[in-house]
Amino acid sequence: GAVVSQHPSWVICKSGTSVKIECRSLDFQATTMFWYRQFPKQSLMLMATSNEGSKATYEQGVEKDKFLINHASLTLSTLTVTSAHPEDSSFYICSAPGQGGSYEQYFGPGTRLTVT
Amino acid sequence: DAKTTQPTSMDCAEGRAANLPCNHSTISGNEYVYWYRQIHSQGPQYIIHGLKNNETNEMASLIITEDRKSSTLILPHATLRDTAVYYCIVGASYNTDKLIFGTGTRLQVFP
């Protein structure tokens, strides 16, 4: 099946700094990608829809100036957490829809962010 | 908000069938039922989907009631590797639409 990768798999940063997370579709193109956040023992919460060549669509309550999304190519979307705080510590997961009539979305392995 | 209701947790003996129920009483006529699972600290994995007919693939079977208000995911011979959180999601027929995850069912398969 199709593969979605994320980089880094885990990152530790200091409070007030910014961190960038990459999401790549390795063997297919994705004009749309999705970003989720997951806190311990909770479900995935959709943050935004990343659209290639245009602005991302954010879910209600998600600060677009804090979580910057850039989808500059058909295989790469990036999520930048700006001025990170300890409460931004979470598991960030991206997904991309499969092609060719596929009904499924392919999820990346996730990035664990810890803000100290 | 998620349109589905699932039990919080279930147990299943290894080798037995695991039957995971899901209620989706407000499902629309053109909406599909999708099942994904998430093994600890990994990204979710697609399992199966259906509209109104029962479906089977190499991983599982999906039974949808005639009124489409509920469904059951069946893992015919559960193994320890099937221990995961299982999410039932109601969504559009096209995979470019967003998925809204509910709380899911934590399935524990024991030896």
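Okay, so let's go over this structure. (Residues numbered from 1 in each chain as written. Chains lettered and ligands numbered in written order. Predicted model: local features only at pLDDT ≥ 70, side-chain atom pairs only at ≥ 80, totals over all residues. Heavy atoms only, no water.)

**Looking at the nonpolar core**
It is characteristic of soluble globular proteins that their nonpolar side chains tend to be buried jointly.
At step 1: In terms of nonpolar packing, the biggest core is built from 25 residues, with Val4(A), Trp35(A), Phe67(A), Leu79(A), Tyr92(A) and Leu113(A) touching the most fellow members.
At step 2: Residue assignment for this core shows that the elements contributing at least two residues are strand E2 (10-13), strand E3 (19-25), strand E4 (32-38), strand E5 (45-51), strand E7 (67-73), strand E8 (76-81), strand E9 (90-97) and strand E11 (111-115) of chain A.
At step 3: If we skip the residues at most four places from it in the chain, Phe67(A) touches Arg37(A), Met47(A), Tyr58(A), Val62(A), Leu79(A), Thr80(A), Val81(A), Asp88(A) and Tyr92(A).
At step 4: Judged by nonpolar contacts, the second largest core, of 21 residues, contains Trp35(B), Ile48(B), Ile64(B) and Tyr86(B). (Core = buried A, V, L, I, M, F, W, Y, C linked by side-chain atoms within 4.5 Å. Buried < 20%, exposed > 50% of the residue type's maximum accessible area, 1.4 Å probe, protein only. Helix = DSSP H or I, 4+ residues; strand = E, 2+ residues; numbered from the N terminus. Contact = heavy atoms within 4.5 Å.)

**A word on the sheet that holds E7(A)**
All names here are of chain A.
At step 1: Read across the open sheet, the 4 strands follow the order E1-E3-E8-E7; overall the sheet is antiparallel. At either margin of the open sheet sits one strand with a lone partner, and together these are strand E1 (4-7) and E7. Within the sheet, the average angular offset between the axes of one strand and its neighbour, ignoring direction, is 20°.
At step 2: Both E7 and E8 contribute to a ladder of 5 bridges, which runs antiparallel. Counted as the bridge partner of Ser-73 is Leu-76 from E8. (Pairing = 2+ DSSP bridges. Axes fitted to C-alpha atoms, helices over the stretch in contact; angles between N-to-C directions.)

**Quick look at the packing of aromatic side chains**
At step 1: Applying the stated rule across the entire model yields 11 aromatic pairs over all chains.
At step 2: Summarising the aromatic geometry, the rings of Phe28(A) and Tyr106(A) are spaced 5.8 Å apart at their centres and angled 55° between planes, so their arrangement reads as tilted. One end of the pair, Phe28(A), is in the loop between E3 and E4; the other, Tyr106(A), is in strand E10 (residues 105-107), with 78 residues separating them in the sequence. Across the pair, Tyr106(A) and Phe28(A) agree in class, each one buried.
At step 3: An aromatic cluster is present here, built from Tyr36(A), Phe107(A), Tyr36(B), Tyr46(B), Tyr87(B) and Phe101(B) joined pairwise through their rings.
At step 4: Here the basic side chain of Lys66(A) rests over the ring of Phe67(A), its NZ or CZ set 6.0 Å away from the ring centre. (Phe/Tyr/Trp six-rings, centres within 6.5 Å; stacked < 30°, edge-to-face > 60°. Lys NZ or Arg CZ within 6 Å of the ring centre and 35° of its normal.)

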